[in-house]
Amino acid sequence: MATFNFIYKKIFILFVPVILLVQAGCTDKKKTESSESTAVSTEIPPLFERHGELAKATEWPKTKEKVDELKKKIKENPGDIKSRLQVVVIYLSEARITGEHPYYYPAVIKILDGVLSMDPKNFEATTFKSSVKMSQHQFAEARDLAEKARQINPANAYVYGVLVDANVELGNYKEAVAMSDKMQELKPSLESYSRASYLREIYGNYPGAIEAMKLAVQAGLPGSEPQCWSKNTLGHLYETTGQLKEAEIQYQQILSLRPSYAFALRGQAQIFKARKQYDKALAELEKAAKIMPEFSFHEEMADIYALQGNKEKASDKYKEVVKMLNEDASSGHIVDLELCKLYTKTGQLDSALVYGLKEYAKRPKNIDVNHALALVYFDEKNNEKARQHIEVALSTGSKDPEILQLANLIKANPDSKTLANN
């Protein structure tokens, strides 16, 4: 059974909201500097140097120049909160572009904690921090911070986006829909349409999800990275619904504008994989992995090695992915669900169950977590437990092909626990 692209959705959660808050920060913020400068550290973690294709991008020299300018301002005036938040925006964007999350998340948290030490009720800093916590899969803390931010400024659309994301991950889907509706009421935008699309997908409405994502694409600045992200997600929706040609068009359009857009390369690889053109798929994934150290690219390579019957190469690659995940975990990123899925794939069911149950303890209503646990129990031939979890995974009416496939397998094997015990 193929792996659902959970990580891709996490990337969506991480980065989409940034622009909206920046716009709000420029217009809504009444006070951006503090007089308590003497107690504030001037230290700002350095920009992480880009390498390879990403270093050739036209925006890179401007990015470095802008960060140098902002750091100079902060050094001259340590209480300059506005400049600190501008550095945060750039670093979040760099994390998205480069995939260097283990570096940028702790760096951004350090800057934001500095801002909050000067101004504990700073709306932008509180909301940015909740976004980073989302990205690190610390969902309950992210929701609490977003709620705090909403108390500070209930009229800002951005914070409702974070609340959508946090409630989705915690399995509070009705609350997520309410937050999404409020976000669209305040500001129809690429960000709000994207979230509406994801919620429709969760509730099994793929045609509606595609239509909402088309609106997100239309709302984006042509050729901009956020618009490319939306097109990529639209391609993924087409891919999930079997519309491979439509998906391929989206990926190719992105790559014609941004040849180094790693997720479009990954999308193109998925098209080749679906057509059983495995060597071509591997070539695209290798290109993507050279651009961005995203572990899911390597995991998909391992999947293809396995499909090709190269067990040794697949096993080595899966071990490499575990190492990458553990490195992510050391920077504060919670990866228990990812490890559960990976260990299930490699047949290490005891380890898969340990990590799956750790995640379940935190998010018992989340459909992805319950789907993962259902698969572990099904592979253990414990059909009773598998059925309990797949029922939760189906509770929103999801039409995810992998959830439906597993549900059918569980239904077709009602006595597997008995067989296993015999």
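Since the structure is predicted, the reported quantities are computational estimates derived from the model, not experimental observations.

Cut-offs used in this document
Residues numbered from 1 in each chain as written. Predicted model: local features only at pLDDT ≥ 70, side-chain atom pairs only at ≥ 80, totals over all residues. Heavy atoms only, no water. Helix = DSSP H or I, 4+ residues; strand = E, 2+ residues; numbered from the N terminus. Buried < 20%, exposed > 50% of the residue type's maximum accessible area, 1.4 Å probe, protein only. Contact = heavy atoms within 4.5 Å. Areas by Shrake-Rupley, 256 points an atom, 1.4 Å probe, with all protein chains shown as cover. Core = buried A, V, L, I, M, F, W, Y, C linked by side-chain atoms within 4.5 Å. pLDDT = per-residue confidence, 0-100. Phe/Tyr/Trp six-rings, centres within 6.5 Å; stacked < 30°, edge-to-face > 60°. Axes fitted to C-alpha atoms, helices over the stretch in contact; angles between N-to-C directions. Parallel < 35°, antiparallel > 145°, perpendicular 65-115°, else oblique. Left-handed = near helix turned anticlockwise from the far one by under 90°. Nonpolar A, V, L, I, M, F, W, Y, C, P; charged D, E, K, R; others polar. Expected span 1.5 Å × (residues − 1). Polar contact = N/O pair within 3.5 Å; in protein donor to acceptor, adjacent residues only side chain to side chain.

Let's shift gears to the overall build of the protein. Each helix and strand counted, the protein has 24 helices and 0 strands in total. Across the 422 residues in the protein, those meeting the buried criterion constitute 58%. Counting contacts in the protein only where the partners sit at least 6 residues apart, residues at least 24 apart contribute 62% of the total. Carbon together with sulfur atoms contributes 52% to the accessible area of the protein, which is approximately 18200 Å² in total.

We now examine the nonpolar core. Ranked by size, the top nonpolar core spans 56 residues in total, and within it Y261, F297, L325, I390, L406 and I410 carry the most contacts. Top element by residues in this core is helix α21 (residues 367-379). It accounts for 8 residues. Sequence-distant contacts of I390, that is, excluding residues within four places in its chain, are made with H371, A374, I403, L406, A407 and I410. By size, the runner-up hydrophobic cluster in this structure holds 52 residues, among which are W60, L70, A149 and Y198.

Attention now moves to the environment of S315. Residue position: S315 is located in helix α18 (residues 311-330). Given the relative accessible area of 31%, S315 is considered partly exposed. Along the sequence, S315 and Y305 sit 10 residues apart, while their C-alpha atoms lie 8.8 Å from each other.

A low pLDDT score tells you not to read the predicted coordinates there in detail. On average, the protein scores 88 in pLDDT, and the residues at 70 or more come to 88%. Predicted confidence for residues 418-422 stays below pLDDT 50, and this span has 2 contacts to residues more than four positions away or in other chains.

The full count for this structure, using the stated rule, is 7 aromatic pairs. With a centroid separation of 5.9 Å and an interplanar angle of 20 degrees, the aromatic rings of Y343 and Y355 are classed as stacked. Placement of the pair is Y343 in helix α19 (residues 336-345) and Y355 in helix α20 (residues 349-362), with a sequence separation of 12 residues. The exposure class of Y355 is partly exposed, given its relative accessible area of 23%. Connected via pairs of aromatic rings, a cluster forms that spans F48, Y91, Y103 and Y104.

As a packed pair, helix α7 (residues 123-135) and helix α8 (residues 139-152) sit with axes 8 Å apart at the nearest point and diverge in direction by 160 degrees. On the basis of their axis angle, the class for α7 and α8 is roughly antiparallel. Seen from above, α7 lies across α8 with left-handed handedness. Contacts between α7 and α8 involve F123, T126, T127, K129, S130, K133 and M134 on the former and, on the latter, F139, E141, A142, L145, A146, K148, A149 and I152. Across the contact of α7 with α8, the residue classes break down as 8 nonpolar, 3 polar and 4 charged.

Attention shifts here to helix α12 (residues 206-219). Here α12 spans 20 Å end to end across 14 residues, near enough to the 20 Å set by a 1.5 Å rise per residue. Along α12, the residues classified as buried are Y206, G208, A209, I210, A212, M213, A216 and V217. Where the residues of α12 are buried, they touch α11 (190-202), α13 (225-240) and α23 (401-412).

Turning our attention to the side chain of R50. Looking at the secondary structure, you find R50 in the loop between α2 (18-28) and α3 (52-55). A distance of 3.3 Å separates the side chain of R50 from the side chain of E59, its partner in a polar contact.

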